[in-house]
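Chain and residue survey
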Amino acid sequence: MAAAQTTLRMVSHADIKILDPIWTTANISRNHGYMIYDVLFATDADFKIQPQMAEKYTVSDDKLTYTITLRDGLEWHDGKPVTSEDCIASIKRWGARDGYGQVLMKAMADMKAVDDKTFTLTLKEPFGLVLEALGKVGSSVPFMMPKRVADTDPNKQIEDYTGSGPFIFKKDEWKAGERVVYVKNTRYKPRAEPPSMLAGGKVVKVDRVEWLAIPDPSTAANALIAGEIDLIETPPPDLFPLLRANKNVALYGWNAIGSQALMRFNHLQPPFNNPKARQAAIYALAQEDLLRAQYGEPEIYKVCNAPFICGTMYGKEYGDLVIKPNLEKARALLKESGYDGTPITMLHQTDLASSNQFPPVAKQQLERAGFKVDVLAMDWQSVISRRARKEPPAQGGWNIFFTTNITIDVDNPGTSNFAAATCEKAWFGWPCDPEIEKLRSAFLKEGDPARRKEIGFAISDRVMEQGVYVPIGQYKAFGAYRKDRLEGWLPGPVAMTWNISKKN
């Protein structure tokens, strides 16, 4: 009976309207993907790639052929077996959309099914990041789908949400703006290993998960304190004191590895089709003010102007750039760009606690440099839809938006979606720079670590020179949960709900 079910009620970081995690890079759609789909390989707590749906794999002596064998007992939600053809079609669709996938597919000569459970990936030349690509953590994740679904045009959204993951999406109970419902997949066969970040056994310990849309953070916090819900994925820092004061509530730093916040330009439309206008905006920004407004507590955020993450191998930093504004230089560059005073359209996701305070502060900073800025308030799902439009702002397009991504997805210059400058094929904003693409190609082919680092730094330089995107800083995500009810929340870059059990 429904009344006897164990239900986990949580408030996610955003409402979901787009259910295709390959078509969009929105984190909420990625989280939905982790609920209902599975992956061939996954990243464990030591950041090592481990087989997940794969039982085993081998690599030929010439490093050109990867042979992957699936685990026994893998089934789609409709009871049909997962096959090699399903996986090949899924890799192809993901590879057409994702920046990392595009790089992998460029190196690919062929993919063939050996039998129902075994298939091969054959490369044109050695590419040492095959498993890293298939085991990538953040958007877009190479989720496996049935062939009939994966054969959908990559530029169109899927309409069939059959997966093989630990939960089943209840489309009949989905109410946009109210709730998303998942139920335990009783057909799912977890791996035998204990869970380790996104690898290992995904053991579901509740019957049902409900994502509730409560856009007002204070209302959500009060619902948690009152026991009406069990978990909030990312409450805003200004509510931490209220949450800490309740003996039954605990804060949990589930994403200790952190995320990067960034500002994205539309390179197709004026004024940011001119690199001098992009540079003017960069010189106008000051990270500390932006980060303080967004995250509040200094222990949560970190000032960092490295496109590929401070403290990492490729995390080159750039002095005071984006740290301390240089308004004189910003105004000079803006004048040189020929900016005509037309207001730029900045999208403002009012309901997203990870980035909703950036636009008002950025507006003030850009206006000091001479820009005119119109801030267009909307929910995050509307931003996701609008950022895909290439028309001028007056026709439903945009000039600037803010977003975030987990650090381990953006610390590699050769594979970062944000760094790709592949014109019409690039991530939203569509930067177009042959020099970056030449460097990224050389980076991925280079076997010498020292030389690869040099190329990585050159890519970083080009990203900043061309204003491909603007690093706004780094932060850690904290959730809040009822410690008197829940246990087993796993740390990682995604708010995972498998392994969570309810005490009563």
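Right, let's walk through the structure included here. Fair warning: this is a prediction, and the values are worked out from it, not measured in the lab.

Scoring rules and cut-offs
- Residue numbering note: each chain is counted from 1, following its sequence as written.
- Local features in a predicted model are, by the rule used here, given only for residues with pLDDT of at least 70; side-chain atom pairs are given and counted only at 80 or more, and totals for whole chains, interfaces and linings are based on all residues.
- Excluding hydrogens and water, the side-chain values take into account all heavy atoms of the structure.
- Numbered from the N terminus, helices here are DSSP runs of H or I no shorter than four residues, and strands are runs of E no shorter than two.
- When accessible area is computed with a 1.4 Å probe and restricted to protein chains, residues below 20% of their type maximum are described as buried, those above 50% as exposed, and intermediate ones as partly exposed.
- Throughout, a residue-residue contact means that at least one pair of heavy atoms, one from each residue, lies within 4.5 Å.
- In these tables, accessible area is a Shrake-Rupley quantity obtained with a 1.4 Å probe, and a residue counts as shielded only by the protein chains included in the view.
- Neither His nor the chain ends contribute to the count of charged residues, in which Lys and Arg are positive and Asp and Glu negative.
- For charged residues, the charge sits on one atom: NZ in Lys, CZ in Arg, CG in Asp, CD in Glu.
- The working definition used for a salt bridge is a side-chain nitrogen of Lys or Arg within 4 Å of a carboxyl oxygen of Asp or Glu.
- A cavity, in this analysis, means grid points on a 1 Å lattice covering only the protein atoms where a 1.4 Å probe fits yet has no way out; a pocket is instead an open set bounded by protein on both sides within 12 Å along at least five of seven lines, and a residue lines either one if it has an atom within 4 Å of a point.
- Grid points are joined across faces, edges and corners, and a volume is the space filled by probe spheres set on the points.
- Classification convention: Asp, Glu, Lys, Arg as charged; Ala, Val, Leu, Ile, Met, Phe, Trp, Tyr, Cys, Pro as nonpolar; all other residues, Gly among them, as polar.
- Here a polar contact means two N or O atoms within 3.5 Å. Within protein one must be a hydrogen donor candidate and the other an acceptor candidate, and residues neighboring in sequence count only if both atoms are side-chain atoms.

This next bit is on the overall build of the protein. Within the protein one finds 14 helices and 19 strands. For the protein, the spread of C-alpha atoms along the principal axes amounts to about 65 × 60 × 40 Å. Buried residues in the protein amount to 59% of all 504 residues. The contacts of the protein with a sequence gap of at least 6 include a subset with a gap of at least 24, amounting to 71%. Total accessible area on the protein stands at roughly 19,600 Å², and carbon and sulfur atoms take up 50% of it. In the protein, 63 positive and 61 negative side-chain charges are present, and the distance between their average locations comes to 1 Å.

On to the pattern of salt bridges. Per the counting criterion, the structure on display carries 31 salt bridges. The partner of Lys-502 in a salt bridge is Asp-230, and the shortest N-O contact between them spans 3.2 Å. One end of the pair, Lys-502, is in strand 19 (residues 501-502); the other, Asp-230, is in the loop between helix 6 (217-225) and strand 11 (231-232), and 272 residues separate them in sequence. The class for Lys-502 is partly exposed, based on a relative accessible area of 21%. The shortest N-O distance in the salt bridge between Arg-389 and Glu-391 comes to 3.4 Å. Given a relative accessible area of 30%, Glu-391 falls into the partly exposed group. Beyond isolated ion pairs, a larger network of salt bridges with shared partners links Arg-9, Glu-173, Arg-179, Arg-208 and Glu-210.

Turning our eyes to something else, we now look at the layout of surface pockets. Space inside the largest pocket adds up to approximately 830 Å³. Taken together, 35 residues form the lining of the largest pocket, with Ala-96, Asp-98, Gln-102, Thr-422 and Lys-425 sitting closest to its centre. Of all the elements in the fold, those that place two or more residues in the lining of the largest pocket are helix 2 (84-97), helix 3 (99-107) and helix 13 (434-445). Residues belonging to the lining of the largest pocket are distributed by class as follows: 15 nonpolar, ten polar and ten charged.

Right, let's talk about empty space enclosed by the protein for a bit. Summed over all chains, the structure comprises six cavities of 30 Å³ or more. Of all elements in the fold, only helix 1 (27-36), strand 12 (249-265), strand 16 (400-406) and strand 17 (470-482) reach the threshold of two or more residues within the lining of the largest cavity. Classifying every residue of the lining of the largest cavity by side-chain character gives 15 nonpolar, ten polar and three charged.

Quick look at the side chain of Gln-269 now. Looking at where Gln-269 falls in the secondary structure, it is placed in the loop between strand 12 and helix 8 (275-284). On the basis of relative accessible area, Gln-269 is assigned to the buried category, the value being 13%. A distance of 2.8 Å separates the side chain of Gln-269 from the backbone oxygen of Lys-390, its partner in a polar contact.

Turning our attention to the environment of Pro-392. By the secondary structure assignment, Pro-392 is in the loop between helix 12 (380-386) and strand 16. The exposure class assigned to Pro-392 is partly exposed, which follows from its relative accessible area of 28%. With 200 residues separating them in the primary sequence, Pro-392 and Ala-192 have C-alpha atoms 52 Å apart. Those residues in contact with Pro-392, other than ones at most four positions away along the chain, are Gln-269 and Gly-397.

Bear in mind that shape data such as this cannot, by itself, settle questions of function.
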